[in-house]
Amino acid sequence: MPTYLYKLQYKLNKKNKSKEKVLYLTFDDGPDEKYTICLLDLLRKYNIKSTFFVVAAFAKENPIIINRMKEEGHCIGIHSFEHRNALFQSKSYTSYDFEQSVKIMNELGINVKYYRPPWGHCNIFTNNEVKKHNLINVLWDVMAEDWAKNTREDIICNKLLRRSKEESIICLHDGRGKNEAPSRTIKALEKAIPIWKEEG
């Protein structure tokens, strides 16, 4: 029930007053020393700024990548401390999760403002922690199942092109996943980005 209410609240509050033709690229589960660097190279090639929802424990292990994200103008949010499913966590762990995440990001020089829960799941304590740490919840409108073990880059690309529309928040992954999933995501974006750019 908390997850459904969380997502309903997000949909009701999602308003964009911009008149621009825009898509929002977001990436979860990183940073990864292999894939995130390749992704950053691709984004730099097309002069695209995106939002990275990082797992704080991974961010702590990869400060150079976090610094590059910051220097290249990307937004950095948190995606939990250890990528545990909030549905199965206690009040004390939920509090610990947020405190550790924010602390690590502060140590890395990031004044974090945005939060995305793993799998979009939350518990009855999540909203209190979001408010306590002055964060803004960000979910998504488009998912391309890029983490799936048996998917292919052309399938991911087709889903992205078919499902995305103006002002879509697109959720992809630059870490974790099976069978080198993030590499397929990057290849799919190599095909999709020029098409999106051509469409304005």
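The rules behind the values
Residues numbered from 1 in each chain as written. Predicted model: local features only at pLDDT ≥ 70, side-chain atom pairs only at ≥ 80, totals over all residues. Heavy atoms only, no water. Helix = DSSP H or I, 4+ residues; strand = E, 2+ residues; numbered from the N terminus. Contact = heavy atoms within 4.5 Å. Core = buried A, V, L, I, M, F, W, Y, C linked by side-chain atoms within 4.5 Å. Buried < 20%, exposed > 50% of the residue type's maximum accessible area, 1.4 Å probe, protein only. Phe/Tyr/Trp six-rings, centres within 6.5 Å; stacked < 30°, edge-to-face > 60°. Disulfide = S-S within 2.5 Å. Salt bridge = Lys/Arg side-chain N within 4 Å of Asp/Glu carboxyl O. Axes fitted to C-alpha atoms, helices over the stretch in contact; angles between N-to-C directions. Parallel < 35°, antiparallel > 145°, perpendicular 65-115°, else oblique. Left-handed = near helix turned anticlockwise from the far one by under 90°. Nonpolar A, V, L, I, M, F, W, Y, C, P; charged D, E, K, R; others polar.

Participant: If you had to explain the environment of M105 to someone new, which residues and values would you point to?
Facilitator: Here M105 shows up in helix α5 (residues 91-107). When the C-alpha atoms of M105 and V54 are compared, they prove to be 9.4 Å apart, with 51 residues separating the residues in sequence. What M105 contacts, discounting residues up to four positions off in sequence, is V54, A59, I76, I78, I110 and V112.

Participant: So, the nonpolar core: which residues are in play, and what are the values?
Facilitator: Core analysis: the biggest nonpolar cluster contains 42 residues, and L25, M105 and L189 have the highest contact counts within it. If one sorts the elements of this core by residue count, helix α8 (residues 181-198) sits on top with six residues.

Participant: A description of the environment of D97 should follow, citing residues and the corresponding values.
Facilitator: Locating D97 in the fold gives a position in helix α5. With 41 residues separating them in the primary sequence, D97 and A56 have C-alpha atoms 9.3 Å apart. Not counting residues within four places of it along the chain, the set of residues in contact with D97 comprises S80 and F81.

Participant: Describe in detail unusual backbone geometry, supporting the description with residues and values.
Facilitator: Following G30, the chain continues into P31 via a peptide bond in cis, with omega recorded as 0°. With respect to the secondary-structure elements, P31 resides in the loop between β1 (24-28) and α2 (35-45). The backbone of H83 shows a phi angle near 60°, a positive value even though the residue is not glycine. You can see H83 is positioned in the loop between β3 (75-78) and α5.

Participant: I'd like a description of the packing of aromatic side chains, backed by residues and values.
Facilitator: This model, assessed by the stated rule, comprises four aromatic pairs. For the ring pair F81 and Y96, a centre distance of 5.7 Å and an interplane angle of 85° mean the geometry is edge-to-face. Linking F81 in the loop between β3 and α5 with Y96 in helix α5, this pair joins segments that are 15 residues apart in sequence. According to the relative accessible area criterion, F81 is buried, its value standing at 11%. You can call Y96 partly exposed: its relative accessible area is 38%. Three or more aromatic residues joined by ring pairs form one cluster here, namely F81, Y93 and Y96.

Participant: Kindly report on the state of the cysteines, identifying the contributing residues and their values.
Facilitator: The final tally for this structure, using the stated rule, is zero disulfides. C122 takes part in no disulfide bond, and the closest cysteine sulfur, belonging to C171, lies 15 Å away. Its sulfur unpaired, C157 is 17 Å from the next cysteine sulfur, which belongs to C171.

Participant: For the pattern of salt bridges, give the residues involved together with the corresponding values.
Facilitator: By the definition in use, this model includes 13 salt bridges. Note that D29 is salt-bridged to R176, the shortest N-O span being 3.3 Å. Within this pair, whereas D29 is found in the loop between β1 and α2, its partner R176 is found in the loop between β7 (169-173) and α8, the two being separated by 147 residues in sequence. For D29, a relative accessible area of 7% puts it in the buried group. Look at the salt bridges and you will find they share partners, linking D41, R44, R68 and E72 into a network.

Participant: Kindly report on the packing of helix α7 (residues 153-163) against α8, identifying the contributing residues and their values.
Facilitator: Contact pair α7 / α8: the axes reach a minimum separation of 8 Å and the direction vectors enclose 40°. Considering the angle they form, α7 stands oblique to α8. In this structure, α7 meets α8 at a crossing whose hand is right-handed. For the pair α7 and α8, contact is made by E153, D154, I156, C157, L160 and L161 and by R184, T185, K187, A188, L189, K191, A192, I195 and W196, respectively. When its residues are assigned to classes, the contact of α7 with α8 shows nine nonpolar, one polar and five charged.

Participant: Describe the packing of α2 against α8, and please don't skip the residues or the numbers.
Facilitator: Axis angle and axis distance: for two packed helices, these are the angle between their axes and the distance between the axes, and together they describe the pair. α8 packs onto α2 with a crossing angle of 5° between their chain directions and a minimal axis gap of 10 Å. One element, α2, and the other, α8, form an angle in the roughly parallel class. Touching Y35, C38, L39 and L42 of α2 are P182, S183, I186, L189, E190 and I193, all from α8.

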